[in-house]
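# Commentary on secondary and tertiary structure
Listed below are the residues making up each chain.
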Amino acid sequence: MSTDKPELKRKHSLAHILRENSAVQGIALISPTAIYMLIFIVLPMILVAVLSFMSRGTYGNVVYEFNFQNYVRLVDPLYFRILLYSLGVGLATMVFTIMIGYPLAYFIARSPARKRSFYLFLILLPFWTNFIIRIYAWIMILRTQGLLNTVLLDLGLIQDPLEILYTPTAVLIGMVYEFLPFMVLPLYTSLEKIENAQMEAAADLGARPWKVFLRVTLPLSVPGMIAGSILVFIPAMGMFVVPDLMGGAKTVLVGNVIRNQFLTSRDWPFGAAASMLLMILTLAFTLYYTRKAGFGEELLV
Amino acid sequence: MDEFAVEMRDVVKIFPTPEGGEVAAVNHVTLQIKHGEFFSMLGPSGCGKTTSLRMMAGFEWPTEGEIFIDGAAMGRTPPYLRPINTVFQSYALFQHMSVFQNVAFGLEMEHVPKKEIEHRVGAALEMVKLSGMSRRKPKQLSGGQQQRVALARALIKRPAVLLLDEPLGALDLKLRKEMQLELKALQKEVGITFVYVTHDQEEALTMSDRIAVMSQGKVLQIGTPVEIYERPNCRFVADFIGETNFLKGKVKKIERGLLTVELPDFSQEIKGMGHENLAVGQDVSVSIRPEKIRLEDDNNTTAVEEDKDNILRGKVLATAYVGSDTRIIVDIGHDIHMVVWEQNNISTLDPQAYYVADDKVLVHLPFENTLVLPEGVA
């Protein structure tokens, strides 16, 4: 028939394929994001991975020669201790942000709707100031002649100034301060989603307020807690500004090691290896944590 | 045991409005609910029915007045200490728990031994026909099944009173009708007092032993479904329950329950049954239900003879055949349209047997079915 030919042509036109084939549609729609991710995330990661198997030349250049040297160096007890310590700081940051952030998020989620956006605005307000400046503000507060000590001394609560700055405690304070919003926001989101009727139902069935919290509110907010923990833990592991400024270079975290390899020692391959190790460890932790939380509902009940 | 399962004594609940004012959601409500009764609170949204229920459950506290459960004043007793359980409109099932855990929750709070919990949950799930579903999560159930879980969860504690807040609102019509009958049967079986909040008048009529019709925070009438439908005490109740036709009038004469009402629009008088506290000269609404009106052919003089006052002349505007009956709209002049339902109790295909548009008809309002109602609240 004479109509056969145009029909055939139409079937193979790009427009037709785009209209009819959902797989092609999907690829077409996701391609801008995919291309962006490929250039700015996947390629650099591959570069880092490749770099981690190279070695450092005499003048800080990269010698392209495949070897495991960098990873062997990392097994050194010195680095192992730093890693363990970073893990501890990361976990401590996570725990404290939960302890401070949970009541805060709960309070915001339970306030009247028109006040909530204002409270959330307050949570985000610090981001309007540069991070470094905020850390210096903390230094002003915590140092020996700082605000905290002056007030406590004047009130007669202490006789000698507290030595907080340039100790691990100061690092933890700085870290918790910096990462608190990342815990509060996801927690708020999951707490806000719990309908009031669920808590009323629990009370109606004979649960006292704290039982309502333990059996209903807390388990239902676990997804927010997990999201918050990941958002806090991963960047906390790689953080180097806070330990540098508030830890007085006495506290060294994995982040500091990596930073130093790239900027001070100019040993890029070793820095890359340390980054890879950090990435693998955080990934393993995250996977384990989310897996556990997958059936965590039963664990908590 | 006290005479009443629930008693509200002059209860007022005032809420602040966002504008800074105050609104009385419940305004001096007094009512008594008997043991084992299926009691419905019926009214449009915002009438105070849900607030009343929430006060019984203990989620809200009365601003004034007192609520008694089994004769005990509740005051500010928290929900977890009241012998009452609730089925929520949204079901409010615990999403992170299985069906079994949901139903067992109330018993665990009472520290019932594990063996007994298993036994009683099994029995409760059997009662609501969900035996095989105990390991599922609420999200894996249909709306009707979730509804049953909510019911089992609330009933397992054997409360003195079960409160139900529009529990069938989210179900489709067919399922809702099924559940209405099931709920009623269940209530008979367990013998627990049910307080049922709904805005669906048909639902209330189908299920209730007694109904309280509410509007704007007040109880307008309490009575059996028959009383509420056949003898509404004011215009609002007649209008809200079922369909009805209204005519404006003024009381002219009262004779032992039989009232003569003047209809100014028609310069005619009509007789009807009325409330005893109506007075001569009072403005009233004359209400007559569509199924209780009789249509006669224009030339049928015998009908005029027997009840000749209560006849209006009209013209058929439109008809709709709906199977069991034919719904006819009759224009009786002065921009007043009356809805009449003629039951199709004779099987015929003869077009002559049915009214058609433009037929001239006599609209007969039998005086015993014609109700004279006060304009406001009785």
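Residues numbered from 1 in each chain as written. Chains lettered and ligands numbered in written order. Predicted model: local features only at pLDDT ≥ 70, side-chain atom pairs only at ≥ 80, totals over all residues. Heavy atoms only, no water.

### Some remarks on the interface of chain A and chain B
Each partner contributes residues to the interface: chain A has 21 residues there, and chain B has 26 residues. Both faces considered, chain A and chain B share a buried interface measuring about 2100 Å² in area, 59% of it formed by carbon and sulfur atoms. Broken down residue by residue, the surface that chain A buries against chain B is led by Asp204, Leu205 and Arg215 of chain A, which jointly contribute 34%. Where Glu200 of chain A meets Arg54 of chain B, a salt bridge forms, and the shortest distance between an N and an O atom there is 2.6 Å. For the side of chain A that touches chain B, the secondary-structure elements that each account for two or more residues are helix H10 (196-204), helix H11 (209-220) and helix H16 (296-300) of chain A. If you tally residues by element for the side of chain A that touches chain B, the top one is H10 of chain A, at 7 residues. Residue composition of the side of chain A that touches chain B, grouped by class: 11 nonpolar, 2 polar and 8 charged. (Contact = heavy atoms within 4.5 Å. Buried area = accessible area lost by both parts, 1.4 Å probe. Salt bridge = Lys/Arg side-chain N within 4 Å of Asp/Glu carboxyl O. Helix = DSSP H or I, 4+ residues; strand = E, 2+ residues; numbered from the N terminus. Nonpolar A, V, L, I, M, F, W, Y, C, P; charged D, E, K, R; others polar.)

### Considerations on the sheet that holds strand S17 (residues 325-331) of chain B
Residue and element names in this part refer to chain B. Spatial ordering of the open sheet is given by S15-S19-S16-S17-S18, a layout of 5 strands whose pairing is antiparallel. On the outer flanks of this sheet lie strand S15 (294-297) and strand S18 (337-343), each paired with one strand and no other. Across the sheet, the mean angle from the axis of one strand to that of its neighbour is 45°, orientation sign disregarded. Sheet analysis places strand S16 (residues 311-321) next to S17, joined by 6 bridges and oriented antiparallel. Note on S17: the bridge partner recorded for Ala318 is Ile329. (Pairing = 2+ DSSP bridges. Axes fitted to C-alpha atoms, helices over the stretch in contact; angles between N-to-C directions.)

### What to know about the packing of aromatic side chains
This model, assessed by the stated rule, comprises 23 aromatic pairs over all chains. Ring centres 6.1 Å apart and planes at 85° place the aromatic pair Tyr321 of chain B and Tyr354 of chain B in the edge-to-face group. Taken together, the residues span a long stretch of sequence, with Tyr321 of chain B in strand S16 and Tyr354 of chain B in the loop between S18 and strand S19 (360-364) at a distance of 33 residues. Among the aromatic side chains, those forming a connected cluster through ring pairs are Phe107, Phe118, Tyr119, Phe121 and Trp128 of chain A. Taking NZ or CZ as reference, Arg289 of chain B lies 3.9 Å from the ring centre of Tyr229 of chain B, over its face. (Phe/Tyr/Trp six-rings, centres within 6.5 Å; stacked < 30°, edge-to-face > 60°. Lys NZ or Arg CZ within 6 Å of the ring centre and 35° of its normal.)

### Side note on the pairing of strand S9 (residues 210-215) of chain B
Residues and elements named next belong to chain B. Burial runs high along S9: 6 of the 6 residues are buried. Here S9 shows no split at all, with Arg210, Ala212 and Met214 on one side and Ile211, Val213 and Ser215 on the other all buried. Here strand S3 (residues 38-42) runs beside S9; their pairing, made up of 4 bridges, is parallel. Bridging from a neighbouring strand, Ser40 pairs with Ile211 of S9. In sequence, S9 turns back onto strand S10 (residues 218-223) through a hairpin of 2 residues, with Gln216 there showing a positive phi of about 45°. (Buried < 20%, exposed > 50% of the residue type's maximum accessible area, 1.4 Å probe, protein only.)

### Let's talk about the domain arrangement of chain A
Residues and elements named next belong to chain A. Domain annotation for chain A reports domain 1 (1-51) and domain 2 (72-300). Each of domain 1 and domain 2 was reduced to a C-alpha centroid, and the two centroids are 41 Å apart. The largest contributions to the domain 1 side of the interface with domain 2 come from Met45, Val48 and Leu51, which together make up 88% of the buried area. There are 0 salt bridges connecting domain 1 and domain 2. Here domain 1 is connected to domain 2 by 0 residue pairs in polar contact (both at pLDDT 80 or more). (Domains from an automatic or database assignment. Polar contact = N/O pair within 3.5 Å; in protein donor to acceptor, adjacent residues only side chain to side chain.)

### Brief notes about the environment of Val363 of chain B
All names here are of chain B. Topologically, Val363 is positioned in strand S19. For Val363, a relative accessible area of 0% gives the class buried. Residues Val363 and Val286 lie 77 residues apart in sequence; the distance between their C-alpha atoms is 14 Å. Aside from chain neighbours lying at most four places away, what touches Val363 is Ile293, Arg294, Leu295, Asn310, Ile311, Leu312, Val330, Ile332 and Met338.

### Structural notes on the nonpolar core
Ranked by internal contacts, the top residues of the largest apolar core, which has 91 residues, are Met175 of chain A together with Met56 and Phe105 of chain B. With near-sequence residues (within four places) excluded, Phe105 of chain B lies in contact with Ala202, Leu205, Ala207, Arg215 and Val216 of chain A together with Phe94 and Met97 of chain B. One finds Val87, Leu141, Leu162 and Leu168 of chain B within the second-largest nonpolar core, a separate group that totals 35 residues. (Core = buried A, V, L, I, M, F, W, Y, C linked by side-chain atoms within 4.5 Å.)

### Some thoughts on unusual backbone geometry
Residue and element names in this part refer to chain B. Located in the positive-phi region is Lys129, a residue other than glycine, with phi close to 60°. Inspection of the secondary structure assignment puts Lys129 in the loop between helix H3 (114-127) and helix H4 (143-155). One non-glycine residue with positive phi stands out, namely Arg158, at about 45°.

### A look at the environment of Arg153 of chain B
The residue Arg153 of chain B is located in helix H4 in this model. Judged by relative accessible area, which is 2%, Arg153 of chain B ranks as buried. Between the C-alpha atom of Arg153 of chain B and that of Glu118 of chain B, which follows or precedes it by 35 residues, the distance is 13 Å. Setting aside residues up to four positions removed in sequence, Arg153 of chain B forms contacts with Ala201 and Leu205 of chain A together with Phe88, Tyr91, Ala92, Leu93, Phe94, Asn102 and Val103 of chain B.

### A look at the side chain of Glu203 of chain B
Among the structural elements, Glu203 of chain B can be located in helix H6 (residues 201-207). Sequence-distant contacts of Glu203 of chain B, defined by excluding residues within four places in its chain, comprise Leu168, Arg176, Gln180, Tyr196 and Thr198 of chain B.

### Topic: the domain arrangement of chain B
Residues and elements named next belong to chain B. Assigned domains within chain B: domain 1 (4-235) and domain 2 (236-374). Of note, the centres of domain 1 and domain 2, computed from C-alpha atoms alone, are 39 Å apart. The interface is formed by 19 residues belonging to domain 1 together with 18 residues belonging to domain 2. Of the roughly 1700 Å² buried between domain 1 and domain 2 on both sides combined, carbon and sulfur atoms contribute 64%. Of all residues in domain 1, Tyr229, Pro232 and Arg235 bury the most surface against domain 2, accounting for 46% of the area lost on that side. Counting across the domain 1 and domain 2 interface gives 1 salt bridge.

### Here we look at the pattern of salt bridges
Oppositely charged side chains can form a pair if their charged atoms are brought close together. Considering all chains together, one arrives at 25 salt bridges over all chains under this definition. Residue Arg259 of chain A is joined to Asp244 of chain A by a salt bridge in which the shortest nitrogen-to-oxygen separation is 2.7 Å. A residue pair is termed long-range when its members are at least 10 positions apart, and Arg259 of chain A in helix H14 (residues 254-263) and Asp244 of chain A in helix H13 (residues 241-246) qualify at 15 residues. Put simply, Lys252 of chain B and Glu269 of chain B hold a salt bridge, and the shortest N to O gap is 2.6 Å. One end of the pair, Lys252 of chain B, is in strand S11 (residues 245-255); the other, Glu269 of chain B, is in strand S13 (residues 268-274), with 17 residues separating them in the sequence. Residue classification places Lys252 of chain B among the partly exposed positions, given a relative accessible area of 44%.

### Thoughts on the sheet that holds strand S1 (residues 4-16) of chain B
All names here are of chain B. Pairing is antiparallel across the open sheet formed by 4 strands, whose spatial order is S2-S1-S4-S5. The outermost strands of the open sheet, each flanked by one partner alone, are strand S2 (22-34) and strand S5 (72-73). Across 9 bridges, the pairing between S1 and S2 is antiparallel. Each bridged residue has a counterpart across the sheet, and for Ile14 the counterpart in S2 is Ala24. Contacts from helix H1 (residues 49-57) reach S1, S2 and strand S4 (64-69), with the element oriented near 115° to S1.

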